[in-house]
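The lines below spell out each chain.
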Amino acid sequence: MRGDYLFRLSRAVRWCLPPAEAAEVLEDYRDLIEQESRCEEELRRDLGSPWSAARQLVQPKAYQRWVTVFAVLAACILLPAVLPLLSELSGIVIFRFHTYGVDLLWWFISLCDKVIPFRGGLLLTGMALALAWFRRGKGEDKCRTLPKGVMPLLLLLLMGMAFQWVNAWILLNEPVKVWEWLTSEIVKALRLAMTLDMFSMGIIGMFALVKARMADRRWRAVYILALAGSILGLSIFAFWTRMDVSFSDTGWQTSILLRYIAITALGLVGMGGSLC
């Protein structure tokens, strides 16, 4: 059906071209398709598949820039969101099955350890690049209603960050007891739940990243909050898995708490700015 072809063409064009160009191209294609009243088979014969038709309009350098930006933004959120879960699952598998696949599993754990020191850079890079790339175009209406789905996902992400803060509160208030309970099933389940929370944030962030390109730039607010939530979770996960039980200095929690507050504040500020 023509409607199916136009729908797939719309998705392909919005992915390949910047929003303003995509809107103009789709309007021309819509007029052409509706005027000539051709079936889908004829459209495929004359125009090619939706993806082929869209690729014919692409400027290679501009498209390569977008693919590079997308890859960097995806890496910024997927590394902190996915690696802790892989590390946690790897630890469970190693404990259960001992030697089977140990080398590969420990590779996941070591990769997570290598990413942790760069979590601040991932947060700042992802936020800055998202804000710069998905900026408001000329003549764009400033008062449009927010896209459907943005607010529910933002609320869901805020709930996920609240759960991470609960974990942080437990760790910062009772570190020695948590260390003593570290082998208990309850603590393992709580930590696994936190990594699943981070993984969910990564999925939501990737969904928002695609929507920011293909639908509305303000989906970047969801991406930025998901990124901040993933980095916050990674920071808490790093402290949880590397706790030193010899906490003797008074006020040792202050620097850690300030770091968590800074990550959360950056995420909320970036989210607010992205909704404008």
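Placed above this text is the structure.
Quick caveat: nothing in here was measured; it's all calculated off a predicted structure.

Chemist: Explain the overall build of the protein chain to me, using residue names and the numbers behind them.
Modeler: Assigned secondary structure in the protein chain consists of twelve helices and zero strands. Listing every helix and strand of the protein chain by position from the N terminus yields α-α-α-α-α-α-α-α-α-α-α-α. For the protein chain, the residues scored as buried account for 42% of the 276 residues in total. Taking contacts inside the protein chain between residues at least 6 apart in sequence as the whole, the part at least 24 apart equals 85%. About 15000 Å² of surface is accessible on the protein chain, with carbon and sulfur atoms providing 65% of the total.

Chemist: Help me get a handle on a nonpolar patch on the surface, residues and values and all.
Modeler: A grouping of L155, L158 and L268 is seen on the molecular surface, where their side chains present a nonpolar patch of about 240 Å² in accessible area. When you line up the elements, L268 lands in helix α12 (residues 253-274). With relative accessibility at 37%, the residue L268 sits in the partly exposed group.

Chemist: Residue-level account of the packing of helix α7 (residues 119-133) against α12, with values.
Modeler: Interhelical geometry of α7 versus α12 gives an angle of 10° and a closest axis separation of 11 Å. Judged on the interaxial angle alone, α12 and α7 are roughly parallel. Contacts between α7 and α12 involve R119, L123, L124, M127 and L131 from the former and R259, I263, L266, G270 and S274 from the latter. Per-class residue counts for the contact of α7 with α12 are six nonpolar, two polar and two charged.

Chemist: Talk me through the pattern of salt bridges; I want residue IDs and the actual numbers.
Modeler: For the structure shown, the criterion picks out two salt bridges. Between E88 and R191 there is a salt bridge, and its shortest N-O distance comes to 3.0 Å. Of this pair, E88 sits in helix α5 (residues 60-97) while R191 is found in helix α10 (residues 185-214), placing the two residues 103 residues apart along the sequence. Since its relative accessible area comes to 16%, R191 is described here as buried.

Chemist: Summarise helix α8 (residues 150-173); cite the residues concerned and give the values.
Modeler: Between its first and last C-alpha atoms α8 spans 35 Å; for 24 residues at 1.5 Å apiece the expected length is 34 Å, and the two agree. Taken residue by residue, α8 has V150, L153, L154, L157, G160, M161, Q164, N167, A168, L171 and L172 as its buried positions.

Chemist: A description of the packing of aromatic side chains should follow, citing residues and the corresponding values.
Modeler: Across all of its chains, the model carries seven aromatic pairs by this definition. Where W165 meets Y260, the ring centres are 6.2 Å apart and the plane angle is 85°; that geometry is what we call edge-to-face. With W165 in helix α8 and Y260 in helix α12, this pair connects stretches of sequence that are 95 residues apart. Measuring from centroid to centroid gives 5.6 Å for F207 and W219, while their planes differ by 90°, and the two rings are edge-to-face. Taken together, the residues F207 in helix α10 and W219 in the loop between α10 and α11 (220-241) connect sequence positions twelve residues apart. By relative accessible area, F207 is classed as partly exposed at 44%. Of the residues examined, W219 reaches a relative accessible area of 3% and is grouped as buried. Site record: aromatic cluster; members linked through ring pairs are W15, W66, F70, W133 and F134. Geometry around W66 places R213 over its ring, the cationic atom sitting 4.4 Å from the centre.

Here is what the cut-offs are and how they apply
Residues numbered from 1 in each chain as written. Predicted model: local features only at pLDDT ≥ 70, side-chain atom pairs only at ≥ 80, totals over all residues. Heavy atoms only, no water. Helix = DSSP H or I, 4+ residues; strand = E, 2+ residues; numbered from the N terminus. Buried < 20%, exposed > 50% of the residue type's maximum accessible area, 1.4 Å probe, protein only. Contact = heavy atoms within 4.5 Å. Areas by Shrake-Rupley, 256 points an atom, 1.4 Å probe, with all protein chains shown as cover. Patch = residues over 30% accessible without salt bridge, like charges linked within 9 Å, V, L, I, M, F, W, Y side chains within 5 Å. Salt bridge = Lys/Arg side-chain N within 4 Å of Asp/Glu carboxyl O. Axes fitted to C-alpha atoms, helices over the stretch in contact; angles between N-to-C directions. Parallel < 35°, antiparallel > 145°, perpendicular 65-115°, else oblique. Nonpolar A, V, L, I, M, F, W, Y, C, P; charged D, E, K, R; others polar. Expected span 1.5 Å × (residues − 1). Phe/Tyr/Trp six-rings, centres within 6.5 Å; stacked < 30°, edge-to-face > 60°. Lys NZ or Arg CZ within 6 Å of the ring centre and 35° of its normal.

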